[in-house]
Every structure is written in structure tokens, then in C-alpha cells.
Amino acid sequence: MQDLARELNTSPATISRALNDSPQIGKEMKEKVKALANQYHFRPNSFASNLRKGKSKTIGVIIPLINRQFFSNIIHHIEMTVAEHGYNLMICQTEESYEKEVEYVDTLTEQRVSGIIIALSKQTVDYTHLEKALRADISVVQIDNVIKACNTSYIKTKDYDGAKATVRHLLHQGYRRIVFFNGLLDSQIYIDRQQGYMDALSEHNISIDPLLIFTNTNRRDTGIEATRSLLANKISFDAIFSSGDYAALGAYLVLKEHHIKIPQEVGIAGFANEYFTELVSPSITSSEQHSDEIGRQAALQIIKEITSNNTPLLKTSILPQLITRESSRKEQA
């Protein structure tokens, strides 16, 4: 801007106002400035401008795993929505690490992003880092795994209801010895899903068997390991409900390997509706968490909070949709 100002014998402030179409600058001067700027391929440094203003047109998104369909779809709908309002995304992946999560929140705060949309890692039990961002006047919206005690907006899944509906479906199909693969109980997500599993069994006067409940079993490899353990120890079961689709896939592979018929001998149901659940044969029953709606609502809420200090916090949970497929339809097999 100093170079343009010297050539037009004016001040950098005038150049800045002209480029920003200020009504303080006349039409003739604006045309001269813009013509010269185009001649020299000059573009304003928006990052420097944002730093001067104290905020940027960037929103940070922190998620545990970008290679999960659930999270990648959330990001897709966040990006589409914020782009309509002139915002860009900065995406960070924690790989379920609390330390990386804290580091990313600090980095985004230092970069002066306008807002942060975050799905907490499964290790996260403290929210001091989120409070630090809030004190820096950065809007925060939690999604999926949330800490309700932290006073921010959140959009999450009704995990209890989703799990309960899945177990009710399995019971309706005639299954009674239902194994449950779960994550670690230091996450509210898995606490809620386990409670839904247990309450559905209790409704049908079926006692809870600790031998049928596996924690820290939400990956394909742990699903494989747990299913092999069930078979090796000759534990009686006729269905497996997994709080994640990848562990359900692990169980599916082991049952296929042992020529156990799905769903006639063992039914399978997962949670998240990952892409592969409808591609395998028999296809796998799962719960759609409406990641598109979570992403859209999170984006709209963060924009509202960024642009207005009077926006009320949004605290909502979305009911997942049980999608019954071949792996659990014993009556139709």
C-alpha cells in the first residue's frame, strides 16, 4: 500500500480506504487506486488485516479421527455451511489424544480464529483449555463427545436412546444372549450406550451377564480379539451389539471365518452407520447418527455466536435412526 501511495502521491490510509470501498474516498480516486492495484497484481493481506482487527474469518474444527465417515461427513457439512457466510476452516485431528487436543486449542487461540467446533477426545475429562479459549473471546461449540459442565453450545447424539433401540430390536428378533462391545467408560458416550443396553435387557427381565460385556472394544482388531475369546472360552451368545461399527466388523469377520451363520446363529448390530455396513453381505445393522445435521447445526450456531453476543447457547441431542439390515433380521433369514 505504501508503494501505491507513493505512486499516486497520497497516503497508505487513503489507499486502504479506496480498496475497501470507503464512502470517504471519491469515485475517481477509487478507480485510480484499483487500476494501479490490478496493474501490480496487488492483493490485500487478509491475514494481517484480521490480526489488526483482532479476529479472523477462520473457524477451527478439532476432531478425533478424520478417517471415520461420521466425522468426515460432519466436516463436509460444516465447511459447506460456513463457506456461505464467508468463513474458512482449519481442521485438526487429535487421534483421541487429550494432549494434542489442548495443543490444538492453544494454537487456534493464538491464531485468533473466530470460533472452535470440537469433538472431545475419549481421554478428555478436563475442560480448562476450552475455558481458556472462551476467555479469549472465541466462540466454542462442542459436538459428539461433550462435557455438559462446560458452558458452551453442544450438539450430540442421544446415545442412550440409540443403544436401547438397537437392543430392543435384537430382542424382538428373538436374541437373548446379547454380547456388548463398548469403549472405555471414561467417556459419557459409552456410559450412555452401556446404560441403554442394560436397561433394554432389564425391560425383558434378562439379567446382566458381566461375561458378555467388553470394554475398550471399539476397533476392528479389538472386535476380532473379543469374538475369538468368546468362542475359545465357549461362552454362550447369540448376538453381538457393538457401540461402534469397526468392532462389529471385527466380530463379523471372525464369525465368517468360523462358518457361523449370520443372522441365523448370531446376529450383529453396530453403531455409526459407517460406509462398509451396507456393502458387506449380509449387510450390517447400524444406527445413523445424522452427522449431516450435527455439522450443519454446529456451523450455524458458531456463526450466530461469532456475529452476535446475545445468541443463546444451543444444547441439543439428536436421536439416531436404527437401520435394520440382514445381519440382525433373524425372522427374515
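For clarity, every value in this text was computed on a predicted model and none was experimentally measured.

Here we look at the overall build of the protein chain
Scanning the protein chain from N- to C-terminus turns up 12 helices and 12 strands. For a compact globule of 333 residues, the expected C-alpha radius of gyration is about 20 Å, and the protein chain comes in at 26 Å, more than 25% above that figure. Along the first, second and third principal axes, the C-alpha set of the protein chain runs to 90 × 35 × 30 Å. As displayed, the protein chain has an accessible area near 16,200 Å², and 47% of this comes from carbon and sulfur atoms. Computed over 37 positive and 39 negative side-chain charges, the separation of the two mean positions in the protein chain equals 4 Å.

Focus: the side chain of Thr166
Following the sequence through the fold, Thr166 ends up in helix 8 (residues 159-172). With relative accessibility at 0%, the residue Thr166 sits in the buried group. Leave out the neighbours within four places in its chain, and Thr166 touches Phe241, Ala269, Ser287 and Leu322.

What about the packing of aromatic side chains?
Inspection of every chain in the model, using the stated rule, returns 6 aromatic pairs. Considering the side-chain rings of Tyr246 and Phe276, the 5.1 Å spacing of their centres and the 70 degrees angle between planes classify their relative orientation as edge-to-face. Here Tyr246, found in helix 11 (residues 245-257), pairs with Phe276, found in the loop between strand 9 (267-269) and strand 10 (286-288); they are 30 residues apart in sequence, far enough to count as distant. For Tyr246, a relative accessible area of 17% puts it in the buried group. On the accessibility criterion, Phe276 (7% relative accessible area) is buried.

Some details on the sheet that holds strand 6 (residues 178-181)
Within the open sheet, the 4 strands sit side by side as 7-6-8-9. Their pairing is parallel. Among the strands making up the open sheet, the edge pair consists of strand 7 (213-214) and strand 9. Two strands pair when backbone bridges link them, and strand 8 (residues 239-242) and strand 9 are joined in this way by 3 bridges, in the parallel orientation. Paired with Ile240 across the bridge in strand 9 is Ile268. Strands in contact with helix 11 are strand 6, strand 8 and strand 9; relative to strand 9, the strand with the most contacts, it is inclined by about 160 degrees.

Concerning helix 10 (residues 220-232)
Along its 13 residues, helix 10 runs 18 Å from first to last C-alpha, staying within 8% of the 18 Å computed at 1.5 Å per residue. Along helix 10, the residues that are buried comprise Thr222, Gly223, Ile224, Ala226, Thr227 and Leu230. On its buried side, helix 10 packs onto strand 6, strand 7, strand 8 and helix 11.

So, the pattern of salt bridges
Applying the stated criterion to the full structure yields 13 salt bridges. Between Lys32 and Glu28 there is a salt bridge, with the nearest N and O atoms lying 3.7 Å from each other. Of the two residues, Lys32 and Glu28 are both situated in helix 3 (residues 27-39); the distance of 4 residues between them amounts to about one turn of the helix. What makes Glu28 exposed here is its relative accessible area of 56%. The partner of Arg193 in a salt bridge is Asp159, with the nearest N and O atoms 2.8 Å apart. Of the two residues, Arg193 is situated in helix 9 (residues 188-203) and Asp159 in helix 8; the sequence distance between them amounts to 34 residues. Of the two residues, Arg193 and Asp159, neither departs from the other in class, the shared state being buried.

Some words on the packing of helix 8 against helix 9
One can describe the packing of helix 8 onto helix 9 by two numbers: an axis separation of 7 Å at closest approach and a directional angle of 35 degrees. Judged by the twist between their axes, the crossing of helix 8 over helix 9 is right-handed. Facing helix 8, whose interface residues are Asp159, Tyr160, Ala163, Lys164, Val167, Arg168 and Leu171, helix 9 presents Ile189, Asp192, Arg193, Gln195, Gly196, Tyr197, Asp199, Ala200, Leu201 and Glu203. Residue composition of the contact of helix 8 with helix 9, grouped by class: 8 nonpolar, 2 polar and 7 charged.

Definitions and cut-offs
Once a new chain begins, its residue numbering starts again from 1 and follows that chain's sequence as written. Note on the predicted model: pLDDT of at least 70 is required for a residue's local features to be given, and 80 or more for side-chain atom pairs to be given and counted; whole-chain, interface and lining totals, by contrast, use all residues. Water and hydrogen atoms were dropped before computing side-chain values, which therefore reflect all heavy atoms in the structure. Each helix corresponds to a stretch of at least 4 residues labelled H or I by DSSP, and each strand to a stretch of at least 2 residues labelled E; elements are numbered beginning at the N terminus. Computation of the radius of gyration draws on C-alpha atoms alone. For the globule rule, the value is 2.2 Å times the number of residues to the power 0.38. Reported accessibility uses the Shrake-Rupley method at a 1.4 Å probe radius. Residues are deemed covered only where the shown protein chains occlude them. Under the counting rule used here, the positive set is Lys and Arg, the negative set is Asp and Glu, and His together with the chain ends is not counted. Positions of charges follow a simple convention, taking NZ of Lys, CZ of Arg, CG of Asp or CD of Glu. Exposure is judged per residue with a 1.4 Å probe applied to protein chains only, and the accessible area is read against the type maximum: over 50% gives exposed, under 20% gives buried, and values in between give partly exposed. Contact definition: two residues touch when any of their heavy atoms are within 4.5 Å. Only Phe, Tyr and Trp rings are paired, with Trp represented by its six-membered ring, and only when their centres lie within 6.5 Å; those with planes under 30 degrees apart are stacked, over 60 edge-to-face, the remainder tilted. Think of it this way: DSSP has to see at least two bridges between two strands before they count as a pair. To get an axis, a line is fitted to the C-alpha atoms, and for a helix only the part in contact is used. The angle between two axes follows their N-to-C directions and goes from 0 to 180 degrees. In a helix, the anticipated span is given by 1.5 Å times the number of residues less one. Definition used for salt bridges: Asp or Glu carboxyl oxygen within 4 Å of a side-chain nitrogen of Lys or Arg. By definition, turning the near helix anticlockwise from the far helix through less than a right angle yields a left-handed crossing, and turning it clockwise yields a right-handed one. Note that Gly is not counted as nonpolar here; it falls among the polar residues with everything else outside the nonpolar set of Ala, Val, Leu, Ile, Met, Phe, Trp, Tyr, Cys and Pro and the charged set of Asp, Glu, Lys and Arg.

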